[in-house]
Amino acid sequence: MDKKHGIYLILFLPLLIAMVACGGSDEGNSDTSVEELAETRAAEIIAATKAFDEAVAAEIDARATADAGSVAAAPTSTPLPIPTSTPLPIPTATPEDSANSEAEENAAAGGNFNVRQEDPEAEVVNVSAAEEEAVEAVEEPEEQANLPEEEPEQAVVQLPPLFPIVKQGAPGDRQGIQGSIFSPEGLQISADPAVFGQRISFLLVGAFDEAVGTVEGDGVDSVAFAITDESGTVVYQTIDNSPYYCAFGNANPCDVWDFSAGTWPNGTPVVSGNYNAKIQANGSTAGRFSIWTYDFAIDLGDSAEVAVEPEPVVEEVAEVAPTPTLFPVVKQGAPSQKNGVLGNVYAPEGLQISSDPAIFGNNINFMLLEAYDEASGSTEYGAGVRDVTFTIQDSNGQVVYTLVEGVAAYCAFGGDIPCNTWNFAQHGNSWPGGTRAQSGNYKATIVGVGNSGASSTWNYEFAIQIDDSLVPAGPTVRINNITISGDRYVVDFVTTGYQPVLPGQHIHFFFNTVPPGQAGAPGGGPWVLYPNSNGGSGASPFTLYGTGDKPAGATQMCALVANPNHSVQQGTGNCYPLP
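Residues numbered from 1 in each chain as written. Predicted model: local features only at pLDDT ≥ 70, side-chain atom pairs only at ≥ 80, totals over all residues. Heavy atoms only, no water.

**Some words on the overall build of the protein chain**
Right, so step 1: Helices and strands together make up the secondary structure of the protein chain, namely 4 helices and 34 strands.
Right, so step 2: The buried share of the protein chain, taken over its 579 residues, is 43%.
Right, so step 3: Counting only contacts in the protein chain whose residues sit at least 6 apart along the sequence, the fraction spanning at least 24 positions is 59%. (Helix = DSSP H or I, 4+ residues; strand = E, 2+ residues; numbered from the N terminus. Buried < 20%, exposed > 50% of the residue type's maximum accessible area, 1.4 Å probe, protein only. Contact = heavy atoms within 4.5 Å.)

See the structure below:
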């Protein structure tokens, strides 16, 4: 814009403001539309422009003469007064109007713009948003309004389009990995405490190892989800390796599981009640992990009311033996030939004397995690996997132990989440099958077979160093296997150093819901004597327990050597998983 047009705009602007502000013949008519008022104002502006040309031309000549000098001269003419009248009304937005139009945003912010003139000595004139539009209707300035500069956009962490989501109450034990549990907003019948209906979904958001980085997934190797019901039975588990970490698969967005089929994803029947989810993020660096505990309930509409009953807070209990757990775990070196079935070998962290190469002491535990058959079309843990076979050989190639696992998690010594830990000292320094265990090198061959017929093999080499001083002195009893025949448990066992008889040394069988210290006199039990009568046979197998005798929460059957007075000798027996 040249000076002439700039001066013209300065002088003409007050009149424009006056014309825009004037109510005219339509003033007070609330039914008149904004479009009709704008047309009236435009006509008035054009008429005023013609009448004002001569006055403007004289002022332009005066300003041009002043600009020619070394110092700008002040204008000699008197500006026209700005008339005051009712401003052009701004209508209330209707549903069809945009609630975020630029004019409304400016009006809400005060409605003023700073219009920069070409003449460096001209004053900055503040006009309303409506007045600015009227000016642009006459002559659109070549320079844009001097609007405040926009602040640079902040970096935003992109979350999966599962949102809006709400943060869930999930206390945790954080060992270096950050994160929080979220679930989709509106998916729950109740959010505090969390109660899900026919659909469920939750995820770990913001998971990263603060020692590695702050980007989602930094330093996180995997996240394991394990859901248990009120009895402590695991009803569903999975492992997710990709951010975001979803309890039911996929990542962007996370999947929502529908209970309309009446089951969890792995086929376990679902019922209304209280549940607990244990979520653990395992770091790629040893010793870095965090655990979250998420209590929730499921109400499928078949109960009047389901309420979460949080577990009572226990202060501090001294000398409580830790329960073997799958968490945290570390990946093991296990060369493989993967043909369709994927997965990796893991062992609990801290269980080994050495992890490279792997050396176990009196306790051993390892498992095949993240296993699925590619042909299944799903990466969910266990998808399409028919079974996993563990075979352990000693340094001479002699098979010392074998187990076939048909349900994830695929544990070398049985169990689920947690996998069982085998203690050699508690079992007469023997493998679960009864073969004598000796210090030395071993190799585990792990074969995963898919429903598609695909098969993959992992070769896991390790060693054991057994403390022979921990072998119990005197008689022992060891359960080698448990099967079901009809409604009876069939328990195969062996004894060393004695033959069970009554009266005399015999065996006490009991479920693992009974502490070993209560499995004999003067403890409260319950237990079953074997043999159960004087002169009876104490030979294997034991069949006195029926499947209906199993208490809620029992996962194993146990045996200990009992003295003639029915006290028991601790460390002389073992526990074995129930089928």
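Alright, that's what it looks like, and here's the rest.
**What about the pairing of strand β31 (residues 506-511)?**
Right, so step 1: Among the 6 residues in β31, 6 count as buried, and that is most of the element.
Right, so step 2: Burial along β31 is two-sided: the residues His506, His508 and Phe510 and Ile507, Phe509 and Phe511 are all buried.
Right, so step 3: Bridge analysis of β31 against strand β33 (residues 556-562) gives 6 bridges, and the strand direction is antiparallel. Counterpart to Ile507 in the pairing with β33 is Val561.
Right, so step 4: Pairing of β31 with strand β32 (residues 528-530) involves 3 bridges; the strand directions are antiparallel. If you follow Phe509 over to β32, its bridge partner there is Val528. (Pairing = 2+ DSSP bridges.)

**A few points about the sheet that holds strand β3 (residues 165-167)**
Right, so step 1: Read from one edge of the open sheet, 4 strands run β3-β5-β9-β12, paired in antiparallel fashion. Each edge of the open sheet carries a strand with a single partner, namely β3 and β12 (245-246).
Right, so step 2: With 3 bridges connecting them, β3 and strand β5 (residues 177-184) associate as antiparallel partners. Looking at the pairing, Ile165 lines up with Pro184 of β5.

**Focus: the sheet that holds strand β16 (residues 329-331)**
Right, so step 1: Strand order in the open sheet made by the 4 strands is β16-β18-β22-β25, with antiparallel pairing throughout. In this open sheet, the two strands that pair with only one neighbour each are β16 and β25 (410-411).
Right, so step 2: In the sheet, strand β18 (residues 341-348) pairs with strand β22 (residues 367-373) via 5 bridges, with the strands oriented antiparallel. Looking at β22, one finds that Asn344 is bridged to Leu369.

**Quick notes on the side chain of Asp299**
Right, so step 1: The residue Asp299 is located in the loop between β15 (289-298) and β16 in this model.
Right, so step 2: Buried within the structure, Asp299 lacks any salt-bridge partner; its nearest side chain of opposite charge belongs to Arg199, at an N-O separation of 15 Å.
Right, so step 3: Here Gly301 takes part through its backbone nitrogen, which lies 3.0 Å from a polar atom of the side chain of Asp299. (Lys, Arg positive; Asp, Glu negative; His and termini not counted. Salt bridge = Lys/Arg side-chain N within 4 Å of Asp/Glu carboxyl O. Polar contact = N/O pair within 3.5 Å; in protein donor to acceptor, adjacent residues only side chain to side chain.)

**A look at unusual backbone geometry**
Right, so step 1: Residue Tyr244 follows Pro243 across a cis peptide bond; omega there is -15°.
Right, so step 2: Mapping Tyr244 onto the fold places it in the loop between β11 (234-240) and β12.
Right, so step 3: Of the consecutive residues Leu502 and Pro503, the connecting peptide bond is found in the cis state with omega at -5°.
Right, so step 4: Relative to the elements of secondary structure, Pro503 occurs in the loop between β30 (488-496) and β31.

**Some thoughts on the pattern of salt bridges**
Right, so step 1: Summed over all chains, the structure comprises 1 salt bridge.
Right, so step 2: Across the pair Asp387 and Arg386 runs a salt bridge whose closest N-O atoms are separated by 2.9 Å.

**Side note on the confidence of the model for the protein chain**
Right, so step 1: Per-residue confidence for the protein chain averages 73 on the pLDDT scale, and 64% of its residues sit at or above 70.
Right, so step 2: Here strand β1 (residues 112-115) stands out as the element of the protein chain with the lowest mean pLDDT, 31, in contrast to β31, whose mean of 95 is the highest.
Right, so step 3: Residue range residues 18-32 is modelled with pLDDT below 50. Its contacts to residues more than four positions away, or to other chains, number 27 contacts.
Right, so step 4: Across residues 70-148, where pLDDT falls below 50, the model places 90 contacts with residues more than four positions away in sequence or in other chains. (pLDDT = per-residue confidence, 0-100.)

**Considering the packing of aromatic side chains**
Right, so step 1: Per the stated rule, a full pass over the model turns up 30 aromatic pairs.
Right, so step 2: Ring plane angle 80° and centroid distance 5.8 Å describe the contact between Phe542 and Tyr545, whose orientation is recorded as edge-to-face.
Right, so step 3: Every member of this aromatic cluster is reached through a ring pair, and the members are Phe196, Phe202, Phe225, Tyr236, Phe248, Phe259, Trp264, Tyr275, Tyr294 and Phe296. (Phe/Tyr/Trp six-rings, centres within 6.5 Å; stacked < 30°, edge-to-face > 60°.)

**Overview of the state of the cysteines**
Right, so step 1: According to the stated counting rule, one finds 3 disulfides in the structure shown.
Right, so step 2: The residue that forms a disulfide with Cys246 is Cys254, at a sulfur-sulfur distance of 1.9 Å. Classification of the bridge connecting Cys246 and Cys254 rests on its S-S torsion, roughly -65°, and on that basis the disulfide is left-handed.
Right, so step 3: Of the residues examined, Cys246 reaches a relative accessible area of 1% and is grouped as buried.
Right, so step 4: For the protein chain, the bonded cysteines connect in the pattern 1-2, 3-4, 5-6 when numbered consecutively along the sequence. (Disulfide = S-S within 2.5 Å.)

**Examining the nonpolar core**
Right, so step 1: Residues Ile364, Phe366, Ile392, Trp431, Tyr460, Phe462 and Ile464 are the most contacted members of the largest nonpolar core, which totals 43 residues.
Right, so step 2: Listing elements by their share of this core, those giving two or more residues are β18, β20 (358-360), β22, β23 (385-394), β24 (399-405), β25, β27 (440-450) and β28 (455-464).
Right, so step 3: With 31 residues, the next largest nonpolar core counts Val220, Val223, Tyr245 and Phe259 among its residues. (Core = buried A, V, L, I, M, F, W, Y, C linked by side-chain atoms within 4.5 Å.)

**A word on the environment of Val223**
Right, so step 1: Within the secondary structure, Val223 is located in strand β10 (residues 220-228).
Right, so step 2: Measuring from C-alpha to C-alpha, the distance between Val223 and Ser242 comes to 8.5 Å, with 19 residues separating the pair along the chain.
Right, so step 3: When near neighbours in sequence (up to four residues on either side) are disregarded, Val223 contacts Leu204, Thr238, Ile239, Asp240, Tyr245, Ile279, Gln280 and Ala281.

**A few points about the environment of Gly538**
Right, so step 1: Within the secondary structure, Gly538 is located in the loop between β32 and β33.
Right, so step 2: Judged by relative accessible area, which is 4%, Gly538 ranks as buried.
Right, so step 3: Gly538 sits 32 residues away from His506 along the chain, and the two C-alpha atoms are 7.7 Å apart.
Right, so step 4: Sequence-distant contacts of Gly538, defined by excluding residues within four places in its chain, comprise Phe493, Gln499, Pro500, Tyr530 and Pro531.

**Thoughts on the side chain of Asn423**
Right, so step 1: Within the element layout of this structure, Asn423 appears in strand β26 (residues 422-423).
Right, so step 2: Filtering out sequence-adjacent residues up to four positions away, Asn423 remains in contact with Asn362 and Asn363.

**What to know about the environment of Trp431**
Right, so step 1: Turning to its location among the elements, Trp431 is positioned in the loop between β26 and β27.
Right, so step 2: Trp431 gets classed as buried once you look at its relative accessible area, which sits at 0%.
Right, so step 3: Each C-alpha atom, one on Trp431 and one on Ile392, is 9.8 Å from the other, the two residues being 39 residues apart in sequence.

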